[in-house]
Amino acid sequence: MVEKTVNHKKWNLKDTTGNLSENATVFQNEQAWFQEVLHVRLALYFNHETPHNSIEELSPPDLIKSDTSYARFVKKHALDFSERLLLCLALVPHIKPEA
């Protein structure tokens, strides 16, 4: 465990990344959901055939059993559909720039 003092406050930096491979898997699932939402939204906008009437029919991946830093953040802040979608939109260019 690493402890660091910043502005006279002690921060506990105990394994904030969690298991890297589990983090990667969780975000791969999140990114796949994001891509599906984007695909359906464009299909709806351009009146292309899709089995969905709204992007909100596409449930985000379940993070209940995950203890990754990403999952903890989503659960701690109780992110709703649009907030989670926005978070993915913000993270995708940094985590998977080729997407």
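Colleague: I tried to follow the overall build of the protein on my own but got confused; where do I start?
Modeller: When helices and strands are tallied, the protein shows three helices and two strands. Seen in sequence order, the protein has helices and strands lined up from the N terminus as β-β-α-α-α. Evaluated residue by residue, the protein yields a buried proportion of 29% over its 99 residues. Put simply, 49% of the contacts in the protein that link residues at least 6 apart link residues at least 24 apart.

Colleague: What should I look at first to understand the side chain of His 52 in this one?
Modeller: Residue placement: His 52 occurs in the loop between helix H1 (20–45) and helix H2 (69–76). A relative accessible area of 18% means that His 52 is categorised as buried. In terms of polar contacts, His 52 uses its side chain to reach the side chain of Glu 57, at 3.2 Å. The residues contacting His 52, other than those within four sequence positions of it, are Val 40, Leu 44, Glu 57 and Leu 58.

Colleague: How should H2 be read in this particular structure?
Modeller: Three- or four-residue spacings in an α-helix give side chains the same orientation, since the helix completes a turn every 3.6 residues. Of all the positions in H2, only Tyr 70, Ala 71 and Val 74 are classed as buried. Within H2, the buried residues cover an arc of 95 degrees as seen down the axis, which keeps them to one side. Those residues of H2 that are buried are in contact with H1 and helix H3 (81–95). Downstream of H2 by a residue or two, Ala 78 has a phi angle that is positive, lying close to 45 degrees.

Scoring rules and cut-offs
Residues numbered from 1 in each chain as written. Predicted model: local features only at pLDDT ≥ 70, side-chain atom pairs only at ≥ 80, totals over all residues. Heavy atoms only, no water. Helix = DSSP H or I, 4+ residues; strand = E, 2+ residues; numbered from the N terminus. Buried < 20%, exposed > 50% of the residue type's maximum accessible area, 1.4 Å probe, protein only. Contact = heavy atoms within 4.5 Å. Polar contact = N/O pair within 3.5 Å; in protein donor to acceptor, adjacent residues only side chain to side chain. Arc of directions from axis to C-beta.

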